[in-house]
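Observations on the three-dimensional arrangement
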Amino acid sequence: MNLITSSYLLLLRSVSRNIHRANIHPFISRLYTEGFSQTTAELSKAQLQKLRGQEQRLKRRLHSIHRKFANVPENSEFQGHHHVYFEDDKGIYRSTLGHGEQGMVQVFRADWAGDGYGSIQRVRLSPTETMLAATVKKDHHEETRCMLVHLGGVNLRQNAMLVLDNVLSFEWAADDVLFYSTQETLRCLRVFRLHLSDSGVQTTLVYEEKDPEFFVEVSCSRDQRLVTINCSSKISSEVWFIDSKTRLSFPTLIQFRQPGLLYHVEHSDNHLFILANTGAHQEYQLLRAPLASPSMPHWVPVFSAVPGTVIKDMELLQDHCVFTVKDSQCRLQIQTLTTKEPYQLNTLQLPHWACDLSPQRVGTVDRGSFGFLLSSPVHPPVHYLYSSRNQKLSITEDNRYISLPEFNTTRLQSPSQDGTMVPLTLLHMAALSELHNAPLLLHVYGAYGVDLNMSFSPEKRLLLEDGWALAYCHVRGGGERGLAWHRAGSVLQKQRGVEDLAACIQTLHHLGVSHPALTALTSRSAGAVLAGALCNHNPQLLRAVILQVPFLDVLGTMQDPSLPLTVEERGEWGDPLIREHRENIASYCPCHNIIPQLYPPILITAYSEDRRVPLSGVMKYVERLKKAIQMCTNQVDVNAEQPARVPAVILDMQPGGDHFGPEDFHQSLNESARQLAFLYTELGLDHQKTRRQKDKRKLKNPN
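A short tour of the structure in this document, coming up.

What follows covers the packing of aromatic side chains. Per the counting criterion, the structure on display carries 13 aromatic pairs. Pairing F108 with W112 gives two aromatic rings, centres 5.6 Å apart and planes at 70 degrees, and the pair type is edge-to-face. Each member of the pair, F108 as well as W112, is classed as buried. For the ring pair Y448 and W573, a centre distance of 6.0 Å and an interplane angle of 90 degrees mean the geometry is edge-to-face. Here Y448, found in the loop between β31 (440-443) and α3 (458-465), pairs with W573, found in helix α8 (residues 570-573); they are 125 residues apart in sequence, far enough to count as distant. The pair formed by Y448 and W573 is uniform in burial state, with each residue classed as buried.

What follows is the structure in C-alpha cells.
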C-alpha cells in the first residue's frame, strides 16, 4: 500500500516577486466580464483548426510510440491464496497460481455497473478470496459505483451480487464484512460497515466526520489485521481502527487530532508502526506503540531519516520496514530497517535515471517482499523486487528497456530569490553544453505537498527523441523535499513557488540550456497558479504555455464556500475572510494580476462539467487576458510601422467533468497531439525536420 499517498490526493485541484502588493491592479476593473463571449469561443475554434494538420501528423507519431512501448510492465496484476488476477480497464480475469494465462476466466466486467460506467478504479479481494469488490467510474465524470462479486464455487456468478453508489474507498475486514466511505460533492465524511449475513445485508454507519475541512478514507494494514479510518485535513490527521478479530465492533481511536500533527499507521505483531511528523523540523519519523495502548504517550521513536533525506513512503513487511526516501537533489533511494531490536538500517541505491517509484499491488498474501516499478518521464517502467529474506534488490524479469543510454538525467539546483536552493531535474539527449538551441519544456506543480508527476509518458519520450530538453522544477509548495518544503510554499508563502520557478528557468538559460524563444511551460490544475503568476510578472521568459484544467481564479474561488473543496483547501491557500490571507492571495492570483503586456501564447484545456476547478474562473481569466493583450498591442500599433504580433489565447473546451483528463485512449491521444501541435507551431519547429535529424543521429550512432 501507499501509506502516505492516499485517495485524499484525488480531492485536490490538480508567486509573484511583488509580494507586498496587496491591492489589485486598477486596470483589472476594466477587464472584468461575467461570461465567455461567443467571439472568444469562435476564435479559439478557428485557432485550433489551424493546428489540425500538425495535430494529425503528431497523432500518427504518438500512435507509433505508444505501440513501441505497449508491453511495458504495469501494476495490473495481484495475487490471492490460489489465483493470480489480471486487470484491464474493462474487466478482471484470473487463473490458477502457477498456470500463467492458461485457463484464464473473467470474474468481473466494468459494464456490470450499467450504461455510462466504464473504467475500473480500485479492486480488493476478501481475506480468503471468496469475495471481490471493485469500483467503476462513470465516463467523463467522477461518480463511482462499487460492485461486490462472489468468487466461490465452480461456476462464477456472471453479474454483481450488490451495487453501492458513490463509494470512493473500501476494505474487507472479513469475507462477510466490508467497510467503505461515501463521496458527496467531492467530500468524503462517512464510513459504513456492510455485513453480509445469512439474514441479509446489514449496513451500519460507523463514523461520521463533523469538520468540513477533513476528508475520510478507509484503508487496511498490509497484514490485513486492521481496517483503518483515516481522517485528514491540510494540517492534521486522526486515525481510528477496527480489528478484524472483532470486525463487528465500532472503531477505536489511536490518537485524537491536534493542529500540526500528521500521522499514518501500519501494523505488525500486535504493534502499531506509526509514521508521524514528530521528527526534526516536523518531518516524518517512524514510531512504535502497542496495539493495546495506541495513543501518543506510548509512541516510541524507532527511526528518523538520515540528514539530507526525507521519507516519502513506507511499506511494512513481515520483519522489515522499507522506506522510499529522496535526497536534496530529489534522487530516489530505498532504505530498509529491521522491525526488531537491534534495528539495522540498509541503504539500496537505485538507477540514476529513476524518478518515480510505484509500489506493486498487494493481494491477500504478504510474501515478505516488496515489488515496485521504477520509471522516469522518458524511461519505461522496470519491475524490481526487494526480498526481506536475503535483503537484496533484483529485477524480476528480463526487460529490454532496462538500458537506454542515449539520454541523460542531470540533477541541478537553482538559487531562488531568498537564497534557497531549488532542485531541478533535466532530461536530455545531447550533452549539456550542446543544448543552447534545443527546445525546452518546463514542468511545475508546487501545491498540496504533492510531488511532480514523473512517471513514464510516451509523449515525453517522443519530445526527447525530437531533441527537446525536459525540465522538472521541484519548487516549494510541492512535496519533493518533505513537509517543510510544502509549508514553505503554502498559505502566506505561496509566492515562493513562483520565485522558485523563475529562478529555475533563469538558471537553465544561464547554463546555456535553450533560450526564451524556445522555452515552453506546462502545468495542470493547481500548478497553473504558479504558471499564471509567472506569466503576469516574467512573460519574457517563455515562448508558449500549456495549462490543463487550470486553477486560475484563486481569490474568487476561495471567497465562495458553497463551491466544492473551498473549505477543505483553506489550509493550502488561506482564508480570504482573514485580511492578511486575502491580501496575500490577491497579490499573486493569476486572474487578478493581469496587466496590458505581451503574454506568451497560451493553450488552455478545460472540461465543461469539471467540479474541482470552476469553469467561470477559467473563462474570466481568458477574457481578461485577451483584453489586456489587445490593449497592449493597440498601444504598440500606434507607434509602430508594422502591426504587433498578437499572441494566441486558445481555450480548448471539452465535454465532460473528469478533472484528470479522458481515460479513453483515442480521446487522450487527440488531446496530447493537439497540445504538441501547439508547442511545435508556437516555437516555430518542424516536427518532421526534427524526426529526420533523429534518424541521422541513429545512422551516425546505430547503438
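Turning our eyes to something else, we now look at the side chain of T324. Its location among the elements puts T324 in strand β22 (residues 320-327). For T324, a relative accessible area of 9% gives the class buried. Other than its neighbours up to four places away in sequence, T324 contacts V310, I311, K312, D313, L332, Q333, I334 and L357.

Time to look at the packing of helix α5 (residues 495-510) against helix α6 (residues 527-537). It is at 9 Å that the axes of α5 and α6 come closest, and there the two elements cross at 65 degrees. One way to sum up the angle between α5 and α6 is to call them roughly perpendicular. In the crossing of α5 with α6, the sense of the turn from one axis to the other is right-handed. Facing α5, whose interface residues are G497, V498, L501, A502 and I505, α6 presents L530, A531, A533 and L534. Looking at side-chain class alone, the contact of α5 with α6 contains eight nonpolar, one polar and no charged residues.

Calculation notes
Residues numbered from 1 in each chain as written. Predicted model: local features only at pLDDT ≥ 70, side-chain atom pairs only at ≥ 80, totals over all residues. Heavy atoms only, no water. Phe/Tyr/Trp six-rings, centres within 6.5 Å; stacked < 30°, edge-to-face > 60°. Buried < 20%, exposed > 50% of the residue type's maximum accessible area, 1.4 Å probe, protein only. Helix = DSSP H or I, 4+ residues; strand = E, 2+ residues; numbered from the N terminus. Contact = heavy atoms within 4.5 Å. Axes fitted to C-alpha atoms, helices over the stretch in contact; angles between N-to-C directions. Parallel < 35°, antiparallel > 145°, perpendicular 65-115°, else oblique. Left-handed = near helix turned anticlockwise from the far one by under 90°. Nonpolar A, V, L, I, M, F, W, Y, C, P; charged D, E, K, R; others polar.

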